[in-house]
Amino acid sequence: MEYITNLTSTRPVVVFTKSSCCMCHTIEALFSGFGVNTLVLEIDKIPRGPEVEQALSMLGRSPTVPAVFIGGELVGGTNEVMSLHLNRSLIPMLRRARALWL
């Protein structure tokens, strides 16, 4: 859990993914399209992956990926991010986190 806290508190946008997750790729593409420099960690490819997945599960993520953190706060997964985008709340949130300058 400390690993997640340290990462998410030092970067504006952190997304935990798995390489085989199509919804994860959708979230990555959305942020990339906005010009956001997102830290993407594929938990099936990092040494601490099983530990990270367990910690995300303890945070209430089911499924555990994608897990999107903006400004150090857990936003949620695909449904939550897309809902924020559709109700025009995502861009202001990214600006507040200093992930977006426009």
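Residues numbered from 1 in each chain as written. Predicted model: local features only at pLDDT ≥ 70, side-chain atom pairs only at ≥ 80, totals over all residues. Heavy atoms only, no water.

### Digging into the overall build of the protein
- Per the secondary structure count, the protein includes five helices and four strands.
- Against the globule reference of 13 Å for 102 residues, the protein gives a C-alpha radius of gyration of 13 Å, in line with a compact fold.
- Along the longest, intermediate and shortest principal axes, the C-alpha atoms of the protein span 35 × 25 × 20 Å.
- Taken across its 102 residues, the protein has 42% of its residues classed as buried.
- As presented, the protein carries roughly 5,800 Å² of accessible surface, and 54% of it is formed by carbon and sulfur atoms. (Helix = DSSP H or I, 4+ residues; strand = E, 2+ residues; numbered from the N terminus. Rg over C-alpha atoms; globule rule 2.2 N^0.38 Å. Buried < 20%, exposed > 50% of the residue type's maximum accessible area, 1.4 Å probe, protein only. Areas by Shrake-Rupley, 256 points an atom, 1.4 Å probe, with all protein chains shown as cover.)

### Considering helix α2 (residues 22-34)
- The end-to-end C-alpha separation of α2 is 19 Å, in line with the 18 Å expected for 13 residues at 1.5 Å each.
- Those residues of α2 that are buried lie in contact with β1 (13-17), β3 (67-70), α4 (78-86) and α5 (90-96).
- Gly35 sits one or two residues past α2 and shows a positive phi near 85 degrees. (Expected span 1.5 Å × (residues − 1). Contact = heavy atoms within 4.5 Å.)

### A short note on the pairing of β3
- Burial along β3 is two-sided: Ala67 and Phe69 and Val68 and Ile70, pointing in opposite directions, are all buried.
- Of the strand pairs in this sheet, β3 and strand β4 (residues 73-76) are connected by three bridges, and their pairing is antiparallel. Among the inter-strand pairings, Ile70 is bridged to a residue of β4, identified as Glu73.
- Counted between consecutive antiparallel strands, the loop separating β3 from β4 contains two residues, among which Gly71 sits at a positive phi close to 60 degrees. (Pairing = 2+ DSSP bridges.)

### Some words on unusual backbone geometry
- Following Ser62, the chain continues to Pro63 via a peptide bond in cis, the omega torsion being 0 degrees.
- Relative to the assigned elements, Pro63 resides in the loop between α3 (49-58) and β3.
- Of note, the amide linkage connecting Val65 to Pro66 takes the cis form, showing an omega dihedral of -5 degrees.
- In this structure, Pro66 sits in the loop between α3 and β3.
- Positioned with a positive phi, Arg88 is a non-glycine residue whose angle comes to about 65 degrees.
- Among the secondary structure elements, Arg88 is positioned in the loop between α4 and α5.
- Residue classification places Arg88 among the exposed positions, given a relative accessible area of 72%.

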